Amino acid sequence: MLDQIHLLAAVTVLGVLEQAYFFLQVIYARRAFGVSPPKTSGPPEFERVFRAQVNSSEYFPIFLALLWQAGLFFHQGLAAALGLLYLYARYCYFMGYRASSSERLAPIYFSSGVLWILVAASALGILHFFLSHYMGLNVLQLLTA
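Below: a short report on this structure. Residue positions within a chain follow its written sequence, with the count starting from 1. At least 70 in pLDDT is required for a residue's local features to be given in this predicted model, at least 80 for side-chain atom pairs to be given and counted, and no such filter applies to totals for whole chains, interfaces and linings, which use all residues. In computing side-chain values, all of the structure's heavy atoms are included and hydrogens and water are not.

### Describing the overall build of the chain
Put simply, DSSP H or I for four residues or longer makes a helix, DSSP E for two residues or longer makes a strand, and each gets a number counted from the N terminus. Secondary structure assignment for the chain yields five helices and zero strands. The globule rule puts the C-alpha radius of gyration for 145 residues at 15 Å, and the 19 Å found for the chain is more than 25% above it. For the chain, the spread of C-alpha atoms along the principal axes amounts to about 65 × 30 × 20 Å. Residue exposure (1.4 Å probe, protein chains only): buried if accessible area is under 20% of the type maximum, exposed if over 50%, otherwise partly exposed. Looking at the chain as a whole, 35% of its 145 residues are labelled buried. Entry remark: accessible area of the chain is about 8500 Å², with carbon and sulfur atoms responsible for 70%. A distance of 9 Å separates the average location of the 8 positive side-chain charges in the chain from that of its 6 negative side-chain charges. Our radius of gyration looks at C-alpha atoms and nothing else; its globule reference is 2.2 Å times the residue count to the power 0.38. The Shrake-Rupley method, run with a 1.4 Å probe sphere, supplies the accessible areas, and residue values consider only the shown protein chains as cover. For the purpose of counting charges, residues Lys and Arg are taken to be positive, whereas Asp and Glu are taken to be negative. His and the chain ends are not included. To locate a charge, the coordinates of NZ of Lys, CZ of Arg, CG of Asp or CD of Glu are taken.

Quick look at the structure:
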């Protein structure tokens, strides 16, 4: 069983570490710009770091659910590779947003595209499971015949 999920687990841990890094960046920005908790507004430089972290945190549960569904029902290797791409895009998003709000756009579009591919892989994998498990219809076997 573990050999079927080890890549997904590794990407999950990397994602959690990335989230921790983003959290730390907010702490450093608070110190650098003198914004004490619970305030969430301050200089534009602080607000960009804060918004980048919050936006990344909002998408993280969606990413995790899709990563695991695509990995379990479609293909672990593809899901893990897409997961790494997503994490890289999120890092680029964070760094871009930190520099300028306009520099966040290309990475956010790319990461959204990766999420849509994970949605498609999840849906196809789950559909295949339902068709084969409940209807005895093996779509992959039909396609290769």
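Further notes follow.
### Let's talk about the environment of S36
Inspection of the secondary structure puts S36 in the loop between α1 (6-33) and α2 (44-73). The class of S36 is partly exposed, set by a relative accessible area of 46%. A sequence separation of 30 residues divides S36 from L66, and the C-alpha atoms of the two residues are 35 Å apart.

### Quick notes on the packing of α1 against helix α3 (residues 76-99)
Here, axes are lines fitted to C-alpha atoms. For helices the fit covers the stretch in contact, and angles between N-to-C directions go from 0 to 180 degrees. Between α1 and α3, whose axes approach to 9 Å, the crossing angle comes to 10°. The angle between the axes of α1 and α3 places the two elements in the roughly parallel class. Only Q76, G77, A79, A80, G83, L84, L87, R90, Y91, F94, M95 and R98 of α3 make contact with α1, whose side of the interface consists of H6, L7, L8, V11, L14, G15, E18, Y21, F22 and Q25. Per-class residue counts for the contact of α1 with α3 are 13 nonpolar, six polar and three charged. In what follows, roughly perpendicular refers to angles from 65 to 115 degrees, roughly parallel to angles under 35, roughly antiparallel to angles over 145, and oblique to any angle outside these ranges. Should any heavy atoms of two residues lie within 4.5 Å, those residues are counted as being in contact. Under the convention adopted here, Pro, Cys and the residues Ala, Val, Leu, Ile, Met, Phe, Trp and Tyr are nonpolar, Asp, Glu, Lys and Arg are charged, and Gly plus all remaining residues are polar.

### Points about the nonpolar core
The definition of a nonpolar core used throughout is a set of buried Ala, Val, Leu, Ile, Met, Phe, Trp, Tyr and Cys residues joined through side-chain atoms within 4.5 Å. Judged by nonpolar contacts, the single largest core of 16 residues is most densely connected at V11, F63, L67, A79, Y86, L115 and L118. Going through the elements one at a time, α1, α2, α3 and α4 (105-134) are the ones with two or more residues in this core. Discounting residues that sit within four places of it in the chain, V11 has contacts with F63, L67, A80, G83, L84 and L87. Residues F46, V49, F50 and Y97 belong to the second largest nonpolar core, which totals 13 residues.

### Looking at the side chain of Q53
With respect to the secondary-structure elements, Q53 resides in helix α2. When its relative accessible area of 7% is taken as the criterion, Q53 is described as buried.

### Remarks on α2
In this model, α2 (30 residues) spans 43 Å end to end at C-alpha, consistent with the 44 Å of a helix rising 1.5 Å per residue. To get the bend at any residue, fit one axis to the seven residues that end at it and another to the seven that begin at it, then take the angle between the two axes. At F60, α2 shows its largest bend, some 35°, and a proline, P61, comes one to four positions later. Helix span, as expected, comes to 1.5 Å for every residue beyond the first.

### Points about the environment of L8
In this fold, L8 is placed in helix α1. Residue L8 is classed as buried on the basis of its relative accessible area, which comes to 0%. In contact with L8, other than residues within four places in its own chain, are L67, W68, G71, L72, Q76, A79 and A80.

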